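# Coordinate analysis (summary)
Residues per chain are reported as follows:
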Amino acid sequence: AVPSIVVGHTRLGCAPSGSLYWGFRAVEALGFVTWPRQNRLDVVPSDWAARALLHLLTRPTLRHQRYHVSAGATSSINWNDLARTFACIKDPAAARSRYRIASPEAYQEAVARCRAAFGQGNVRHIATVLRHYRRFAEWNVVFSNRRLLAEGVPPPPRFTDYLELCERTSSGRSIVDQMSENAVDL
């Protein structure tokens, strides 16, 4: 079984781990994307992913050898959904997407704004990691979870269903601090 992007927890948000949530906070702080806002995000919460994996591991037999532990077509969201949810959290009166579309070249301009938006930290490292996020977001990939659902695993909640909890449990930590908690060498 291969899990998709695992972010947060449906009851604990990002309290146990900021995981990759800091990347979404970074995009929100910058306010623009370099990919179409209709591109899909295949994000699942850690507690759902753990239950799905446990379900597969405890089955006496499985129909297939590989499963995507993923949001799939019905539970994935797009960047417009994400932006609207962030807008509702930050300014309920606005409740609209504020992400502008920028060229990949404009992305380089963002590197200069990173320190102001994200707090103290290694701006070059932040830019490198965000470049990897950007490439993934541009792919517009959603993994099919039909096999998983056919084995009796309920569909995951949409990321936007528990995004406010992730945001609330991330407050008080800078984006750089949250990224550092879950550092990956690139």
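Residues numbered from 1 in each chain as written. Predicted model: local features only at pLDDT ≥ 70, side-chain atom pairs only at ≥ 80, totals over all residues. Heavy atoms only, no water.

## Some words on the side chain of Ser-75
Summarising the element assignment, Ser-75 is placed in helix H3 (residues 72–75). Ignoring anything within four residues of it in the chain, the contact list for Ser-75 reads Pro-155, Pro-156, Pro-157 and Arg-158. (Helix = DSSP H or I, 4+ residues; strand = E, 2+ residues; numbered from the N terminus. Contact = heavy atoms within 4.5 Å.)

## A few points about the packing of aromatic side chains
Per the stated rule, a full pass over the model turns up six aromatic pairs. A ring pair is formed by Phe-159 and Tyr-162, whose centres lie 5.5 Å apart and whose planes are at 65°; its orientation type is edge-to-face. With Phe-159 and Tyr-162 both in helix H8 (residues 159–170) and three residues apart, this pair spans about one turn of that helix. The exposure classification of Phe-159 matches that of Tyr-162, with both residues buried. Among the aromatic side chains, those forming a connected cluster through ring pairs are Tyr-21, Phe-24, Trp-35, Trp-79, Phe-86, Phe-159 and Tyr-162. (Phe/Tyr/Trp six-rings, centres within 6.5 Å; stacked < 30°, edge-to-face > 60°. Buried < 20%, exposed > 50% of the residue type's maximum accessible area, 1.4 Å probe, protein only.)

## Brief notes about the packing of helix H4 (residues 79–90) against H8
H8 packs onto H4 with a crossing angle of 40° between their chain directions and a minimal axis gap of 10 Å. Put simply, H4 runs oblique to H8. Both H4 and H8 take part in a crossing whose hand is right-handed. Here Asp-81, Leu-82, Thr-85, Phe-86, Ile-89 and Lys-90 of H4 lie close against H8, whose contacting residues are Phe-159, Thr-160, Leu-163, Glu-164 and Glu-167. By residue class, the composition of the contact of H4 with H8 is five nonpolar, two polar and four charged. (Axes fitted to C-alpha atoms, helices over the stretch in contact; angles between N-to-C directions. Parallel < 35°, antiparallel > 145°, perpendicular 65-115°, else oblique. Left-handed = near helix turned anticlockwise from the far one by under 90°. Nonpolar A, V, L, I, M, F, W, Y, C, P; charged D, E, K, R; others polar.)

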